[in-house]
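Geometric and topological summary
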Amino acid sequence: MPVISAKEVKDPNELCGKRKPDDGKYHVAITLWDESQEKHDAIIVGFTVLDGTVPGMKGREFTEFFNFKTSKGEDATDRIVRLCLVSGLIQPGQETDEDFTQKAIGKQLVVEVE
């Protein structure tokens, strides 16, 4: 096994890869919605920051995986339903099996990152 060292790393966000937004509130747009489950047992949603409470985050992109089953046996069904409600994809009391891949793109909402 090779030695893996983070002795020189002060902030994980300085490393390559997509960076999670800093804690704050953000106005975001949905830029990706993948229900295919080809690679993951999840709905994959991409967001672009349009504005927010943290300077310098505008234009940042991040991806969230809404897993159907986590390693702890939990699922993200409530999170998926909440996202669909707040983004206007469904209404309270509604049930659907519609694929939102096209309908979700461009929807805007406010999210809080903690």
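So, a few notes on the structure that sits alongside this text. Treat the numbers as computed from the prediction; the structure is a model and nothing was measured.

With respect to the packing of aromatic side chains
Enumeration over the complete set of coordinates arrives at two aromatic pairs. Here the aromatic rings of Trp-33 and Phe-100 are separated by 6.2 Å at their centres, their planes lie at 85 degrees, and the arrangement is edge-to-face. In this pair, Trp-33 sits in strand β1 (residues 24–34) while Phe-100 sits in the loop between α1 (77–86) and β4 (108–113), placing the two residues 67 residues apart along the sequence. The residues Trp-33 and Phe-100 share a single accessibility class, namely buried. Between Phe-47 and Phe-62, the aromatic rings sit 5.2 Å apart at their centres with planes inclined by 25 degrees, giving stacked as the arrangement. With Phe-47 in strand β2 (residues 42–52) and Phe-62 in strand β3 (residues 61–67), this pair connects stretches of sequence that are 15 residues apart. Each member of the pair Phe-47 and Phe-62 is classed as buried.

Regarding the layout of surface pockets
The volume enclosed by the second largest pocket comes to roughly 280 Å³. As for the second largest pocket, its lining consists of 14 residues, and the residues nearest its centre are Ile-80, Val-81, Cys-84, Thr-96 and Phe-100. Ranked by residue count, the leading element in the lining of the second largest pocket is α1, at four residues. Tallied by class, residues from the lining of the second largest pocket come to seven nonpolar, three polar and four charged.

A few points about the sheet that holds β3
Strands pair in a sheet through their backbones, by hydrogen bonds, and they do so in one of two ways: parallel or antiparallel. Taken in spatial order, the four strands make up an open sheet running β3-β2-β1-β4, and their pairing is antiparallel. Of all the strands in the sheet, just β3 and β4 have a single pairing partner and so form its edges. The mean angle between the axes of side-by-side strands here comes to 45 degrees, regardless of whether they run parallel or antiparallel. Set on the sheet, α1 makes contact with β1, β2, β3 and β4; between it and β3 the angle comes to about 130 degrees.

Some thoughts on the environment of Asp-75
With respect to the element layout, Asp-75 can be found in the loop between β3 and α1. Accessibility expressed as a relative area gives 41% for Asp-75, which makes it partly exposed. Once the C-alpha coordinates of Asp-75 and Ala-42 are considered, the two residues, 33 residues apart in sequence, prove to be 9.5 Å apart.

Conventions adopted
- Residues numbered from 1 in each chain as written.
- Predicted model: local features only at pLDDT ≥ 70, side-chain atom pairs only at ≥ 80, totals over all residues.
- Heavy atoms only, no water.
- Phe/Tyr/Trp six-rings, centres within 6.5 Å; stacked < 30°, edge-to-face > 60°.
- Helix = DSSP H or I, 4+ residues; strand = E, 2+ residues; numbered from the N terminus.
- Buried < 20%, exposed > 50% of the residue type's maximum accessible area, 1.4 Å probe, protein only.
- 1 Å grid on protein atoms, 1.4 Å probe; cavity = no way out; pocket = protein on both sides within 12 Å on 5 of 7 lines; lining within 4 Å.
- Points joined across faces, edges and corners; volume = space filled by probe spheres on them.
- Nonpolar A, V, L, I, M, F, W, Y, C, P; charged D, E, K, R; others polar.
- Pairing = 2+ DSSP bridges.
- Axes fitted to C-alpha atoms, helices over the stretch in contact; angles between N-to-C directions.
- Contact = heavy atoms within 4.5 Å.

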